[in-house]
Amino acid sequence: MGWRAGARLDDDGRMIAHRGVELYCRRCGGRRFEPRPAPDLVCECGAGLYRRDGEPPRPSTHWLQIARSFVTLRGVFFFATVAVLGALPIGLAQRIAAVLVYLAAIKMAMRAMKVTRNEPIQFPEVSADELFDFGTLIPAAVFVVVFTWAPPILLAFGASGALDFTPETRDTREAPAFVAPDDLPDAARFGADVEDLRGLGVDTRFAADEAADLPPIPDELEDGGGSPWSLVAIIVGLLLLAWAPMALVLYLRTGTTFGFFHVPGGIGALRADPVGYLALAALVLPTMGVRFVADLMQAALPFVLAPPIVAGKAAAIILGWGIAGLYVRQHARSYDMPVDEDDWVLFTRFPQEAPVPVASARPTAIDLDEPPLVRGAALDSGDDLPVIAGKLVP
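Residues numbered from 1 in each chain as written. Predicted model: local features only at pLDDT ≥ 70, side-chain atom pairs only at ≥ 80, totals over all residues. Heavy atoms only, no water.

J.: Explain the overall build of the protein chain to me, please; I cannot follow it from the model alone.
T.: For the protein chain, the count of helices and strands is 12 helices and 8 strands. The proportion of buried residues among the 394 residues of the protein chain is 35%. Put simply, 68% of the contacts in the protein chain that link residues at least 6 apart link residues at least 24 apart. (Helix = DSSP H or I, 4+ residues; strand = E, 2+ residues; numbered from the N terminus. Buried < 20%, exposed > 50% of the residue type's maximum accessible area, 1.4 Å probe, protein only. Contact = heavy atoms within 4.5 Å.)

This is the structure we're talking about:
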């Protein structure tokens, strides 16, 4: 069981070249694609095969369900609470609001991972007992620092050239030795160049000749040049920004903070579905941009104007994590995460064999005049033990 060799797959999991049917075995978990499968085709383990019934939920089709859950009664109450707590100029209140937002974001991602085509996505419930769950706080803090704040900061420093760790370079070449006569003014003796001295009637041919013999000043010394660290900062910032949606997907697949940096798994998922990942990035990256801009606006504006900004930032965070959950739901079978059982219907038609007649044995006649038999042994007529249903009862 497994992938057909040489088959090209689209983001729906179908074969492009052969227009195959995706088949799946619930017993052994195998999956394969057949161009024209026979109705009686069975798995190698002998179990029947299932086929996918329609397209699975995906980010481009179900992200509106996440957005609609924000305007429900539960969602409105949650965003109102977060907006009030996050707008207060109190550090503890702002931290509680941030924890509530990321708890809701992770729960929304889990619900999006298990959504069915018939049931809409409901806004999750967040209880006060979960505020001290470090299993949620640590990955949320790592994601914010590494994938939300670091990329724009690195890009800004790289574009401005302010990020420079190279030592300062100066032009250490010696200037031509020239001493002005003592009868010249102090400005001419200590601050004048060759042209100024020539205007005062001083013979400057010797100084001009020595200056002409010097090699030209390098370009990187004239205009400051570009530091290689600026280019490194730009490249790292772009890589972190491009990896951010995949980091969310890997975290939801593994459930650990180290999943953010599982590069081999991310590259494999990217190679399997590059078009789908571009669609995911087109939906997730704008939410991260809204979150970063909201942080800047909240720091610049007075706290009385912060509640709508905090609510918008919270909505962007929850939406981005929910979209990542939908991406995992779309590729659940290839990620070995059986959360898509409702998408499959039985494909194999087992042959109906004729029932084998079973001969019914007629009971033999019992001679009441003879002693009763129990397990083939005759009882002594003088034995006073009663016999009930073929067993001796003392």
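That was the structure; now back to the text.
J.: Mind showing me how you'd approach the nonpolar core here?
T.: Within soluble globular proteins, side chains that are nonpolar tend to cluster in buried spots. One finds F70, I318 and W321 to be the most contacted residues of the largest nonpolar core, which totals 57 residues. Looking at this core, the elements with two or more residues in it are α2 (73–87), α3 (91–113), α4 (134–160), α9 (228–254), α11 (274–300) and α12 (306–330). Look past the residues within four positions of F70 in its chain and what remains in contact with it is G75, V76, F79, M108, F123, A315, I318 and L319. If you look at the next biggest cluster of nonpolar residues, it comprises 6 residues, including L23, C43, A47 and F347. (Core = buried A, V, L, I, M, F, W, Y, C linked by side-chain atoms within 4.5 Å.)

J.: Can you help me understand the pairing of strand β2 (residues 31–34) in this one?
T.: The two faces of the sheet receive side chains in turn, since in a regular strand these alternate between them. Side chains R31 and F33 project from β2 onto one buried face, and the interleaved R32 and E34 project onto a second face that is buried too. Hairpin connection of strand β1 (residues 21–24) to β2: 6 residues between the antiparallel strands, including G29 at a positive phi of 80°. (Pairing = 2+ DSSP bridges.)

J.: Can you walk me through helix α10 (residues 263–272) in this structure?
T.: Helical geometry: 3.6 residues make up each α-helical turn, so side chains three or four residues apart lie on a common side. Those residues of α10 that sit buried are G265, G266 and A269. Taken around the axis of α10, the buried residues stretch over an arc of 100°, which confines them to a single face. Opposite the buried face of α10, by more than 90 degrees, sit the exposed residues P264 and R271. The inward-facing, buried residues of α10 abut α9 and α12. (Arc of directions from axis to C-beta.)

J.: Whenever I open this one, empty space enclosed by the protein confuses me. Can you help?
T.: Where empty space is left in the structure can be found by rolling a water-sized probe over the atoms. Here the structure, examined in full by the defined rule, presents 1 cavity of 30 Å³ or more. Taken as a whole, the largest cavity encloses approximately 100 Å³ of empty space. Taken together, Y102, F143, T148, L248, V284, T287, M288, R291, A316, I317, G320 and W321 make up the lining of the largest cavity. A class-by-class count of the residues in the lining of the largest cavity yields 8 nonpolar, 3 polar and 1 charged. (1 Å grid on protein atoms, 1.4 Å probe; cavity = no way out; pocket = protein on both sides within 12 Å on 5 of 7 lines; lining within 4 Å. Points joined across faces, edges and corners; volume = space filled by probe spheres on them. Nonpolar A, V, L, I, M, F, W, Y, C, P; charged D, E, K, R; others polar.)

J.: Even after reading the chapter, I still don't get the sheet that holds β1, so can you show me in this structure?
T.: The strands making up a sheet are joined through hydrogen bonds of the backbone, oriented either antiparallel or parallel. With antiparallel pairing, 4 strands are arranged side by side in an open sheet as β2-β1-β3-β4. This sheet does not close on itself; its edge strands, each paired only once, are β2 and β4 (344–346). On average, each strand axis in the sheet is inclined to that of its neighbour by 40°, with strand direction left out of account. Two elements, β1 and strand β3 (residues 50–52), share 2 bridges in a ladder whose sense is antiparallel. The residue of β3 that forms the bridge with Y24 is Y50. (Axes fitted to C-alpha atoms, helices over the stretch in contact; angles between N-to-C directions.)

J.: Looking at this model, I keep getting lost on the pattern of salt bridges. Mind explaining?
T.: Two side chains of opposite charge can pair, provided their charged atoms sit close to one another. Summed over all chains, the structure comprises 3 salt bridges. Across the pair E125 and R74 runs a salt bridge, and its minimum N-O distance is 3.2 Å. Taken together, the residues E125 in the loop between α3 and α4 and R74 in helix α2 connect sequence positions 51 residues apart. The exposure class of R74 is partly exposed, given its relative accessible area of 37%. Where D295 meets K313, a salt bridge forms, and the shortest distance between an N and an O atom there is 3.0 Å. (Salt bridge = Lys/Arg side-chain N within 4 Å of Asp/Glu carboxyl O.)

J.: Looking at this structure, I do not really get the packing of α9 against α12. What am I missing?
T.: When two helices pack together, their arrangement is given by the angle between their axes and by how far apart the axes lie. Across the interface, α9 lies against α12 with an axial gap of 9 Å and an inter-helix angle of 65°. Crossing of α9 over α12 shows right-handed handedness. Touching L248, V249, Y251, L252 and R253 of α9 are G320, W321, A324, G325, Y327 and V328, all from α12. Taken together, the residues of the contact of α9 with α12 break down into 8 nonpolar, 2 polar and 1 charged. (Left-handed = near helix turned anticlockwise from the far one by under 90°.)

J.: Looking at this structure, I do not really get the packing of aromatic side chains. What am I missing?
T.: Inspection of every chain in the model, using the stated rule, returns 14 aromatic pairs. Aromatic rings pair up to connect Y102, F143, F147, Y251, F260, F261 and W321 into one cluster. Across from the ring centre of Y335, 3.9 Å away, lies the NZ or CZ of R253, which sits over that ring. (Phe/Tyr/Trp six-rings, centres within 6.5 Å; stacked < 30°, edge-to-face > 60°. Lys NZ or Arg CZ within 6 Å of the ring centre and 35° of its normal.)

J.: Sorry if this is basic, but what is going on with a nonpolar patch on the surface here?
T.: Side chains of V293, M297, L301, F303, V304 and L305 sit close together on the surface and give an oily, nonpolar patch of about 540 Å² of accessible area. Residue placement: F303 occurs in the loop between α11 and α12. You can call F303 partly exposed: its relative accessible area is 47%. (Patch = residues over 30% accessible without salt bridge, like charges linked within 9 Å, V, L, I, M, F, W, Y side chains within 5 Å. Areas by Shrake-Rupley, 256 points an atom, 1.4 Å probe, with all protein chains shown as cover.)

J.: How do you make sense of α9 when you look at a structure like this?
T.: The first and last C-alpha atoms of α9 sit 36 Å apart over 27 residues, in line with the 39 Å expected at 1.5 Å per residue. For α9, the principal kink sits at A244 and spans about 45°; a proline, P245, occurs within the next four residues. In the segment just after α9, G255 is the residue with positive phi, at about 75°. (Expected span 1.5 Å × (residues − 1). Bend = angle between axes of the 7 residues up to and from the residue.)

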